[in-house]
Amino acid sequence: MPELRYDPIRWRWTIISPERGLRPKDFQKKKEEIPPVDNCPFCEGNEDRTPKEVFSIRKEGTHRDKPGWRVRVVPNKFPALRIEGELIRRGVGLFDHVSGIGAHEVIIETPKHELQLQDMDPENVKEVLFAFKERYIDLTKDIRFRYILIFKNYGKDAGASLYHSHSQLIATPIIPLAVVAELEAAKEHYKRKERCIFCDLIHQELSLGERIVYKTEKFVVWCPYASSFPFETWVFPLRHSHEFVKMDNEEISDLSIVLRDILFRIKILLNDPPYNFVIHTSPIARPRPGRPHFWETIHLDYHFHIEIIPRITHIAGFEWGSGFYINPIPPEEAARYLREVI
């Protein structure tokens, strides 16, 4: 029997429609072929084909914009937003206009063309996470930016234009609406109960257990109750923390194992599908004109997390017109399948 499930964090409904009796193999698609290495600008030795690097983790004795790097961060050659210019806000009749100021960077995760994040050694993944943290900290110094989103598109159906393993970072002068919904839900919950809604959710999911994929000393992974997509998974730190960059070295090490593990489980279960992941962290908490108390409780009510979405179904007219999502596999079954992957 179909169900409508409400997500109190994202303020949206999902229709769980399991009547087709689908199994993981029903979502599997033909794997993408690895394109030739010859024309890849992200490969080691092709550093002159990208903009100058802004950060890198390198072998000792190697030089900037030369071979010898392990992780390399460069500005996007075709940025969605540009870092140069003045931030201007104005009204256009009933509309709002903000100049296209921001930062758009590419984190090249490995010099090896064929190696993907889900196949890397946890030490390599840890270096990628460290690069995320360093670039995030640096960009928060720019007073024009209000939010920094770190995300990964893997595969053409997930929006990746290049095969070589990479993720991206975009800093924006406004806070994305998807994040605003989470912030407002968290703030309202804390006002009523003086507790973090995410911490309450972690406690509840661990108590029930049916949607948990697995848990480590520092993190927990589960398929959310109102999953919008098949095999959607969330990764949460067990320690309350509103900001991704507040992780200590032990947590980064644990997250490198967790992230690689869940991506590998998805790869095995669904035949290496395209996917997106996003890191939802708190906005840059600097004082806002006219709203001096806006961030007063954010360190108490918000909880950073990672959302992973395999791109194995498509949004169609009903989803677009209603804002509802249709998920053909219950998250309880998705979690069970993911737990069973060896």
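As a reminder, the structure under discussion sits directly above these lines.
The structure displayed is predicted, hence computed values, not measured ones.

(A) Region of interest: the overall build of the protein. For the protein, the count of helices and strands is 8 helices and 15 strands. A globule of 342 residues ought to have a C-alpha radius of gyration of about 20 Å, and the protein, at 20 Å, matches this closely. With respect to the principal axes defined by its C-alpha atoms, the protein has extents near 60 × 50 × 45 Å. Sequence-distant contacts, at least 24 apart, represent 70% of the contacts inside the protein between residues at least 6 apart. Only carbon and sulfur atoms are counted for the fraction: they give 55% of the accessible area of the protein, which is about 16900 Å². Charged side chains of the protein number 49 positive and 50 negative; the gap between the two group centres comes to 2 Å.

(B) Up close: the nonpolar core. Membership of the largest hydrophobic core comes to 57 residues, with the highest contact counts inside it found for Leu 117, Phe 132, Phe 231, Phe 244, Phe 277 and Ile 308. Take this core: its biggest share by element is 9 residues, from helix α5 (residues 249-270). Apart from residues lying up to four places away in sequence, Phe 231 is in contact with Pro 24, Phe 27, Leu 269, Leu 270, Ile 308, Pro 310, Ile 312, Ile 329, Ala 334, Tyr 337 and Leu 338.

(C) Up close: the sheet that holds strand β15 (residues 325-327). Pairing is mixed across the open sheet formed by 3 strands, whose spatial order is β1-β2-β15. Strand pairing shows two members of the sheet lacking a second neighbour, β1 (3-7) and β15, which therefore form its edges. Along the sheet, successive strands turn relative to each other by an average axial angle of 30 degrees, direction set aside. Note: β1 against strand β2 (residues 12-16), 5 bridges, orientation antiparallel. Bridge pairing in β2 places Arg 5 opposite Thr 14.

(D) A look at unusual backbone geometry. Despite not being glycine, Glu 194 shows a phi value in the positive range, around 55 degrees. Within the secondary structure, Glu 194 sits in the loop between α3 (177-193) and α4 (197-208). Here Asp 272, not a glycine, exhibits a phi torsion of approximately 55 degrees, which is positive. When you line up the elements, Asp 272 lands in the loop between α5 and β13 (275-280). Looking at Asp 272, the relative accessible area reads 15%, which means it is buried.

(E) Expanded view of the environment of Pro 328. Tracing the sequence through the fold places Pro 328 in the loop between β15 and α8 (331-340). Residue Pro 328 is classed as buried on the basis of its relative accessible area, which comes to 12%. Each C-alpha atom of the pair Pro 328 and Pro 2 lies 9.1 Å from the other, and the pair is 326 residues apart in sequence. Setting aside residues no more than four positions away along its own chain, Pro 328 makes contact with Ser 17, Pro 18, Leu 22, Phe 27 and Pro 230.

(F) Region of the structure containing the state of the cysteines. The tally for this structure, following the rule as stated, stands at 0 disulfides. Of the cysteine sulfurs around Cys 43, a residue in no disulfide, the closest is that of Cys 40, at 3.7 Å. Relative accessible area serves as the criterion here: at 6%, Cys 43 is assigned to the buried category. Cys 196 takes part in no disulfide bond, and the closest cysteine sulfur to it belongs to Cys 199, at a distance of 3.7 Å.

(G) The arrangement of the sheet that holds strand β10 (residues 212-215) in detail. Read from one edge of the open sheet, 10 strands run β3-β4-β7-β9-β8-β13-β14-β12-β11-β10, paired in antiparallel fashion. Edge positions in the open sheet fall to β3 (55-58) and β10, since each of these has one partner strand only. The average undirected angle you get between the axes of adjacent strands in this sheet is 15 degrees. Sheet topology places strand β8 (residues 147-154) next to β13; 5 bridges connect them, and they run antiparallel. Bridge pairing in β13 links Lys 152 to Phe 277. Strands in contact with α8 are β10 and β12 (233-237); relative to β10, the strand with the most contacts, it is inclined by about 45 degrees.

(H) Molecular detail of the packing of aromatic side chains. For the structure on display, the rule yields 11 aromatic pairs. Aromatic pair Trp 222 and Phe 236: ring centres 4.9 Å apart, planes at 0 degrees, arrangement stacked. One end of the pair, Trp 222, is in strand β11 (residues 219-222); the other, Phe 236, is in strand β12, and 14 residues separate them in sequence. Of the two residues examined, Trp 222 and Phe 236, each falls in the buried class. Three or more aromatic residues joined by ring pairs make a cluster, and in this case those are Phe 198, Trp 222, Trp 234, Phe 236 and Tyr 302.

(I) Region of the structure containing the environment of Val 278. As for its position among the elements, Val 278 is in strand β13. In sequence terms Val 278 and Ala 185 are 93 residues apart; their C-alpha atoms lie 19 Å from each other. Ignoring any residue separated from it by four or fewer positions in sequence, one finds Val 278 in contact with Leu 149, Ile 150, Phe 151, His 305, Ile 306 and Glu 307.

(J) Spatial organisation of the packing of helix α2 (residues 122-139) against α5. Relative to each other, α2 and α5 sit at 120 degrees, their axes nearing to 8 Å. The orientation of α2 with respect to α5, classified from their angle, is oblique. Regarding α2 and α5, the two cross each other, and that crossing is right-handed. In this structure, α2 uses Pro 122, Val 125, Lys 126, Leu 129 and Lys 133 to contact α5, whose residues at the interface are Asn 249, Ile 252, Ser 253, Leu 255, Ser 256, Ile 257, Leu 259 and Arg 260.

Conventions used here
Residues numbered from 1 in each chain as written. Predicted model: local features only at pLDDT ≥ 70, side-chain atom pairs only at ≥ 80, totals over all residues. Heavy atoms only, no water. Helix = DSSP H or I, 4+ residues; strand = E, 2+ residues; numbered from the N terminus. Rg over C-alpha atoms; globule rule 2.2 N^0.38 Å. Contact = heavy atoms within 4.5 Å. Areas by Shrake-Rupley, 256 points an atom, 1.4 Å probe, with all protein chains shown as cover. Lys, Arg positive; Asp, Glu negative; His and termini not counted. Charge placed at Lys NZ, Arg CZ, Asp CG, Glu CD. Core = buried A, V, L, I, M, F, W, Y, C linked by side-chain atoms within 4.5 Å. Buried < 20%, exposed > 50% of the residue type's maximum accessible area, 1.4 Å probe, protein only. Pairing = 2+ DSSP bridges. Axes fitted to C-alpha atoms, helices over the stretch in contact; angles between N-to-C directions. Disulfide = S-S within 2.5 Å. Phe/Tyr/Trp six-rings, centres within 6.5 Å; stacked < 30°, edge-to-face > 60°. Parallel < 35°, antiparallel > 145°, perpendicular 65-115°, else oblique. Left-handed = near helix turned anticlockwise from the far one by under 90°.

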